[in-house]
Amino acid sequence: MAEVRFGQAINRALADAMEGDPDVVLFGEDVAAAGGPFGVTRGLLDRFGPERVRDTPISEAAIVGAAVGAAMSGLKPVVEIMFMDFATLAMDALVNQAAKARFMFGGQFSLPMVVRMPHGGGISAGPQHSQCLEAWLAHVPGLKVVCPATIPDAYALTRAAIADPDPVVVVENKSLYSVKGELPDAPPAVAIGKAATVRHGRDATIVTYGAMAPMAVEAAAALAREGIETEIIDLRSLQPWDEAAVLASLARTHRLVIVHEAVEAFGPGAEIAARMADAGFDELDGPIVRVGAPFMPPPFAKNLEERYRPDAERIIAAVRRVMA
Amino acid sequence: MAAADKASPLGLLRVMHLIREAELRLAQLFADGEIPGFIHLSVGQEGVAAGVGAALGPGDTLASNHRGHGHALAKGLDLDRFFLEIMGKAEGICGGRGGSMHVADAAVGMLGANGIVAAGLPIAVGSALAHQVRRTGAISSVFFGDGALAEGVMHESLNLAAIWKLPVLFVCESNGWSEFSPTAHQIAADPCALAASHGIAARSVDGNDAVAVCEAAQQYVSEIRGGGGPRFLECRTTRVRGHFEGDPQKYREGEGAARDDASDPIVRLERRLAADGVPGTEIAAAARAAAERVTAAVARARAGNLPDFAASLRDVYSPAAG
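This structure is a prediction, so every number in the text was calculated from the model and none was measured. (Residues numbered from 1 in each chain as written. Chains lettered and ligands numbered in written order. Predicted model: local features only at pLDDT ≥ 70, side-chain atom pairs only at ≥ 80, totals over all residues. Heavy atoms only, no water.)

Section: the overall build of chain B
Part 1: On a plain count of helices and strands, chain B comes out with 12 helices and 7 strands.
Part 2: Relative to the compact-globule value of 20 Å for 322 residues, chain B shows a C-alpha radius of gyration of 19 Å, a close match.
Part 3: C-alpha extents for chain B along the principal axes are approximately 60 × 50 × 45 Å.
Part 4: Across the 322 residues that make up chain B, the buried fraction comes to 58%.
Part 5: Partitioning the contacts of chain B with sequence separation of at least 6, the portion at a separation of at least 24 is 73%.
Part 6: Distance between charge centroids for chain B: 4 Å, based on 29 positive and 36 negative side chains. (Helix = DSSP H or I, 4+ residues; strand = E, 2+ residues; numbered from the N terminus. Rg over C-alpha atoms; globule rule 2.2 N^0.38 Å. Buried < 20%, exposed > 50% of the residue type's maximum accessible area, 1.4 Å probe, protein only. Contact = heavy atoms within 4.5 Å. Lys, Arg positive; Asp, Glu negative; His and termini not counted. Charge placed at Lys NZ, Arg CZ, Asp CG, Glu CD.)

Thoughts on unusual backbone geometry
Part 1: Here the amide bond leading from A:Q239 into A:P240 is cis, since omega sits at 0°, within 30 degrees of zero.
Part 2: Turning to its location among the elements, A:P240 is positioned in the loop between β12 (237–239) and α8 (243–253).
Part 3: Phi is positive for B:A118, close to 80°, though the residue is something other than glycine.
Part 4: Positionally, B:A118 belongs in the loop between α5 (79–86) and α6 (120–134).
Part 5: At B:Q249, a residue that is not glycine, the phi angle is positive and equals roughly 55°.
Part 6: Among the secondary structure elements, B:Q249 is positioned in the loop between β7 (231–236) and α10 (265–275).

Comments concerning the nonpolar core
Part 1: The biggest cluster of nonpolar side chains holds 158 residues, and the ones touching the most others in it are A:L235, B:V52, B:F82, B:F83 and B:F170.
Part 2: Per-element accounting of this core gives the leading share, 11 residues, to helix α2 (residues 9–31) of chain B.
Part 3: Setting aside chain neighbours within four positions, we find A:L235 in contact with A:K194, A:A195, A:V207, A:T208, A:Y209, A:W241, A:D242, A:V246 and A:I272.
Part 4: A:V4, A:A32, A:F48 and A:V78 belong to the second largest nonpolar core, which has 35 residues in total. (Core = buried A, V, L, I, M, F, W, Y, C linked by side-chain atoms within 4.5 Å.)

Focus: the packing of aromatic side chains
Part 1: This structure, assessed with the given rule, holds 11 aromatic pairs over all chains.
Part 2: Taken together, a centroid distance of 6.4 Å and an interplanar angle of 65° make the contact between A:F6 and A:Y177 edge-to-face. Highlighted residues: A:F6 in helix α1 (residues 6–20) and A:Y177 in the loop between β7 (168–173) and β8 (180–183), separated in sequence by 171 residues.
Part 3: A residue is classified by how much of its surface remains accessible, and A:Y177, at 7% relative accessible area, is buried.
Part 4: Feature note: the residues A:F6, A:F38, A:F83, A:F86 and A:Y177 constitute an aromatic cluster, connected by ring pairs.
Part 5: A cation over a ring is seen here: A:R12 above A:Y155, with NZ or CZ 5.1 Å from the ring centre.
Part 6: For the cation-ring pair, B:R97 lies above A:F103, with the distance from its terminal atom to the ring centre recorded as 5.0 Å. (Phe/Tyr/Trp six-rings, centres within 6.5 Å; stacked < 30°, edge-to-face > 60°. Lys NZ or Arg CZ within 6 Å of the ring centre and 35° of its normal.)

Some details on the confidence of the model for chain B
Part 1: Summarising the model, chain B shows a mean pLDDT of 95, and 97% of its residues fall at 70 or more.
Part 2: Complex prediction metrics read pTM 0.97 and ipTM 0.96. (pLDDT = per-residue confidence, 0-100.)

What about the interface of chain A and chain B?
Part 1: With 41 residues of chain A in contact, the opposing surface of chain B contributes 40 residues.
Part 2: Across the chain A to chain B interface the summed buried area is about 3200 Å²; carbon plus sulfur atoms make up 62%.
Part 3: On inspection of chain A and its partner chain B, the count reaches 3 salt bridges.
Part 4: Measuring nitrogen to oxygen at the nearest pair gives 2.8 Å for the salt bridge that ties A:R102 to B:D315.
Part 5: Taken together, the connections running from chain A to chain B amount to 18 residue pairs in polar contact (both at pLDDT 80 or more). (Buried area = accessible area lost by both parts, 1.4 Å probe. Salt bridge = Lys/Arg side-chain N within 4 Å of Asp/Glu carboxyl O. Polar contact = N/O pair within 3.5 Å; in protein donor to acceptor, adjacent residues only side chain to side chain.)

Here we look at the side chain of A:Q97
Part 1: In this structure, A:Q97 sits in helix α4 (residues 91–104).
Part 2: Assessed through its relative accessible area of 4%, A:Q97 is described here as buried.
Part 3: Once you skip the residues sitting within four places of it in the chain, A:Q97 turns out to touch A:V68, A:D92, B:N114, B:I116, B:A119 and B:I123.

Comments concerning the domain arrangement of chain A
All names here are of chain A.
Part 1: When cut into domains, chain A gives domain 1 (2–183) and domain 2 (196–323).
Part 2: The C-alpha-based centres of domain 1 and domain 2 are spaced at 26 Å.
Part 3: The contact between domain 1 and domain 2 buries some 1800 Å² in all, and 57% of this surface belongs to carbon and sulfur atoms.
Part 4: Summed over the shared surface of domain 1 and domain 2, the result is 1 salt bridge.
Part 5: Summed over the shared surface of domain 1 and domain 2, the result is 12 residue pairs in polar contact (both at pLDDT 80 or more).
Part 6: Among the secondary structure elements, those contributing two or more residues to the side of domain 1 that touches domain 2 are α5 (134–138), β6 (144–146) and α6 (151–163).
Part 7: Among the residues making up the side of domain 1 that touches domain 2, the classes are represented as 13 nonpolar, 9 polar and 3 charged. (Domains from an automatic or database assignment. Nonpolar A, V, L, I, M, F, W, Y, C, P; charged D, E, K, R; others polar.)

Side note on α8(A)
All names here are of chain A.
Part 1: The set of residues buried in α8 consists of A245, V246, S249, L250 and T253. Viewed end-on, α8 has its buried residues packed into an arc of 135°, placing them on one side of the element.
Part 2: The inward-facing, buried residues of α8 contact β10 (204–208), β11 (230–234), β13 (256–263) and α9 (268–279).
Part 3: Downstream of α8 by a residue or two, H254 has a phi angle that is positive, lying close to 65°. (Arc of directions from axis to C-beta.)

Considerations on the sheet that holds strand β5 (residues 114–119) of chain A
All names here are of chain A.
Part 1: Reading across from one edge, β3-β2-β4-β5-β7-β6-β12 is the order of the 7 strands in this open sheet, with mixed pairing throughout. Strands with a single pairing partner mark the edges of an open sheet, and in this sheet they are β3 (53–55) and β12. Neighbouring strand axes in the sheet, compared pairwise and without regard to direction, differ in orientation by 20° on average.
Part 2: Of the strand pairs in this sheet, β5 and β7 are connected by 6 bridges, and their pairing is parallel. Bridge pairing links H119 to N173 in β7.
Part 3: Contacting β2 (24–28), β4 (76–80) and β5, helix α3 (residues 60–72) crosses the sheet at an angle of about 170° to β4. (Pairing = 2+ DSSP bridges. Axes fitted to C-alpha atoms, helices over the stretch in contact; angles between N-to-C directions.)

As structure tokens, this is what we get:
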């Protein structure tokens, strides 16, 4: 057991995967010599050498496109898109190439590749360095999308993504990188698509992921002081997502709040709400309420961004609404 | 075919005839409604596919584009499964999921035709990275048209390949057209100058001379295999047909009927072989053999089964482990 930061847990996962498999290679902008903009890949160049840990030019389309070709030819590339906003520049490689290669080539190829992308975080990074665009990717058949909320999950989901035979996008919330916590020497494995119930409660279910999971825990503590017990499901994976776990929780609480940092409209919560309004219709005792960012680009000024980003207060208000 | 035979003038002729015959048959099948969707033919450009294909080894990888039938067949993609695929059958090389624009064959290192212009370039760069890191001794290659020179990822890919000295052969098929527009109106620079500006050695050859293409490709493949880094080969060629089958080509009306036999890579090579004293029966046999193979492949494709929807749905992701 060691105390590490969230980013260091990812670093250890990358190192352990590289240690165990010479086909795992790392490339992206400033990931080698500089150790990544958030220090996540620090030390890996020294440890694994310049052949397997490479700085690329500022070429997102070629980074992800090359990951596709590398994965088709025997490597297990892990590439980094410095900010999720820059995935816009790599969308062809993600959507038309990586996602479809297995299917459109009749299963001849599987693409064991990982694309890491930091999103959100509320660090005043402005409209082009703060977006949570995971719904775009979860909408594309052929991609998997995970988003860890805890230090053990940051390790385990990164390992699971690298071990997976298909393209996996690992979404990392920037606000979590510096969070400190315990990482077991042998962190338990997490299967992609399996949620975690991080708090049990009888009154309402809060479904969330990433940095909003600790926010939901904070809200739940405040609600508990007034006698409202919420159950919190940390999805961990968005594609595939653990519909069974959410449905089972809904069957216990009969009330549902969905929380994410992404813009509420057409966000991941829309899919979860729609599925629960269908498969969970008989369980619902109230409206399904979503908490997400308003329909505007992430603003820069601190006070604006604080208002923009969902917080415990808004989660509490949403739970009160479904309890009403 | 052995490598030496493949690169011999007769070997090149056989491959060109196979491609021509296959594509003209595809055109007929398409016109008759036996092939849905749309297809892009490389009639007139066979010298490039055959010449480069003969210079590549079986372990080398190849990424292609929307006009990729010739590239696939030159790399050795099975003819029966090629027709089965394009006719939308379950036994097709991609199970009927991809069709003309997505023929691929992992067994021969054919990483796929591609519906997105220039998308094959970074894929070939990544494949070259795999060859470099895994020390396979193989190289990768990519075919793209002169229209692809306008895509941003083309430049990213050339630069990345140059920076990392990757074993990749870039093959630009300059047929003068960017879909419906003359490339001269679309690209300001000379293709080889573009490559050179990215630090990549480049040369231009007559793409309608299969022997010249093959010699140039062999030279570059040998330099790349020797650790020389990427090379860029421009092959100037002729797109005889439209951008896609059924393209009315109104934009080409001014061109007249000037496309003569002199630019046809098959006619040219046949004349050369005859001049070199190769018996006419041997030359004619190449065309006949291709026609017979294609006829048999089309018959098998017609007899193929329709793909199963549930099986397709299962193939979006790899089967769960365990």
